[in-house]
Amino acid sequence: MATMTTVVLDNGGSSIKVGVLGDDETVRIIPNAVVRSKGDKTTYIGHEIARCRDFSSLHYRLPFEKGYLVDWDAQKTVWDGLFSTEVLSVNAPESSLIITEPYFNLPNIQDVYDQFVFEEYEFQSYYRCTPAAMIPYGSLFASEGLNTPECALIVDSGFSFTHVVPMINHQIQWYAVKRMDVGGKLLTNQLKEVVSYRQWNMMDETHIMNHVKEACCYVSTQFIADLETCRLSPKQNPIVMEYLLPNYSINRPGEIRPPRYELTPTDQVLLMENERFTIPELLFRPDDIGLEQTGLPGTIAASISLLPEDLHGMFWANIGVIGGNTHFSGFRERLMTELRSLAPVDFEVNIFKSENPVTESYRSALSFARHPEFASHLLTRAEYLESGSSATRRKFGQWDSAGKPVEKNKSMRQEDVEPRLTRKPSRARMRSSASSTARRR
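The residue count restarts for each chain, going from 1 along the sequence in the order it is written. Selection of residues for local features in this predicted model requires a pLDDT of at least 70, selection of side-chain atom pairs for listing and counting requires 80 or more, and totals for whole chains, interfaces and linings are taken over all residues. The basis for every side-chain value is the complete set of non-hydrogen atoms in the structure, without hydrogens or water.

### A few points about the sheet that holds strand E16 (residues 255-256)
Inclusion rule: Between any two strands, at least two bridges found by DSSP are needed for them to pair. Comment: elements are numbered from the N terminus, with helices defined as DSSP H or I runs of at least four residues and strands as E runs of at least two.
Strand order in the open sheet made by the 3 strands is E16-E15-E17, with antiparallel pairing throughout. Edge positions in the sheet fall to E16 and strand E17 (269-272), since each of these pairs with one other strand and no more.

The following block contains the structure:
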């Protein structure tokens, strides 16, 4: 019998981290998009974007919208390229698949995942989970030979959202999961607007501005002081950075201006001043742009407050950060400073961050695939053909019933801890309740 191949697919909203368990476990980071280039008038699918020579005014067709996979035609096109001989050369009927899905994924969308895996590609077996569910199997919390803690809190700041995910014994406590509507997409769009208002019109240059964000931005640990430095000397201060915009006519990509580089008449320079730190600041102060949400430190504290009180100390001491936004310089230091002021004085606060938080879920999934009990977690194609998507719900569980409020939160209504659609009460009901209240008085 042939050896079963295990494919790991971390299916993010911006990029896909994919590889195969075995001798060559190199992660391949593929843009999760179908892109149309106005420069060379060519359409590129996922892994083909590396062949593009003119990244100006790219038109993106993204499978994910507001954090959920909604464009299955585009997603199938990208997956077809990944499984082809150009990238992984996967024989699906003889392979197992580990794939990640969004947090609070809708059941109807989960059913389509099942259909694509078993009916379209005919994988032998697969396992579907959120990115944070893989982290306990990895090495993020490994230090000095210690095992993964029983209680951990994962901060996953990705393309669409930032989630705070508490876990107890590898199980996500869904009633305490919190979400911020700030992700990499919002930060890039905000940078495009600010730069377009102050300097160059970059509203159509998503690819270029995303690179500017990753190359120049940082999280300030002294925000007010840095803001004052830029105000006193806008053009001449240590914060200002010059970014050379790309020149595709001579195949020169965009880059930070080298120290002794002589500008030519064709060079276009983008001055990055307080944008360097005011854009990532939205992770800590979403209300700066009118979002009525608490920043990341407050969201973490709110999530821990919903958990069993005798376990709070363990969660404060085991906070792991993953996702592309946590890669900003100064992110960990700033988060540590603000969390220390929110945590009780007798609790230790530790933040664990890997060298590459973008691929941490992928590497953890590889470790999960090597686990002795990995096979017992898989759903086989035979089980699916027999019972349909109900088999996946029994095997993988559902986020709306996986966690229940702890004893101290028993009085809390179910609507407060589990997202659900509710209808506003009718005016007649409101009047009747108001009159009954008056009579009781």
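### Regarding the packing of aromatic side chains
Worth spelling out the cut-off: Each Phe, Tyr or Trp ring, with Trp reduced to its six-membered ring, pairs with another whose centre is within 6.5 Å; inter-plane angles below 30 degrees give stacked pairs, above 60 give edge-to-face pairs, and intermediate values give tilted ones. For the exposure calls, accessible area comes from a 1.4 Å probe over protein chains only, and a residue counts as buried if that area is under 20% of its type's maximum, exposed if over 50%, partly exposed in between. By definition here, charges over rings are those cases where NZ of Lys or CZ of Arg is within 6 Å of the ring centre and within 35 degrees of the ring normal.
Under the definition given, this model contains 21 aromatic pairs. A ring pair is formed by phenylalanine 83 and tyrosine 121, whose centres lie 5.2 Å apart and whose planes are at 80°; its orientation type is edge-to-face. Pair noted here: phenylalanine 83 is in helix H1 (residues 72-83) and tyrosine 121 is in the loop between helix H2 (107-120) and strand E10 (125-129), with a separation of 38 residues, a long-range link. According to the relative accessible area criterion, phenylalanine 83 is buried, its value standing at 10%. Among the residues examined, tyrosine 121 registers a relative accessible area of 13% and is labelled buried. Each ring, one from tyrosine 126 and one from phenylalanine 396, has its centre 5.6 Å from the other, and the planes form 85°; the classification is edge-to-face. Highlighted residues: tyrosine 126 in strand E10 and phenylalanine 396 in helix H14 (residues 389-396), separated in sequence by 270 residues. Exposure remark for phenylalanine 396: the relative accessible area of 18% places this residue in the buried category. Linked through ring pairs, Phe118, Tyr126, Tyr127, Tyr137, Phe368, Phe374, Tyr384 and Phe396 together constitute an aromatic cluster. The lysine or arginine in question, arginine 179, covers the ring of phenylalanine 161, its NZ or CZ lying 4.0 Å from the ring centre. Its guanidinium or amino end placed over the ring of phenylalanine 284, arginine 334 lies 4.6 Å from that ring's centre, counting from NZ or CZ.

### Quick word on the nonpolar core
To keep it simple, the criterion reads: In these notes, a set of buried Ala, Val, Leu, Ile, Met, Phe, Trp, Tyr and Cys residues joined through side-chain atoms within 4.5 Å is what counts as a nonpolar core. Throughout, a contact is declared for two residues whenever any of their heavy atoms are within 4.5 Å.
Ranked by internal contacts, the top residues of the largest apolar core, which has 64 residues, are Leu9, Trp79, Leu82, Phe83 and Ile98. Element by element, the count of residues in this core is highest for H1, at 6 residues. Setting aside residues no more than four positions away along its own chain, tryptophan 79 makes contact with Leu9, Asn11, Ile16, Trp72, Ile99, Phe116 and Tyr121. In this structure, Ala176, Ile300, Trp316 and Ile351 belong to the second largest nonpolar core, which totals 47 residues.

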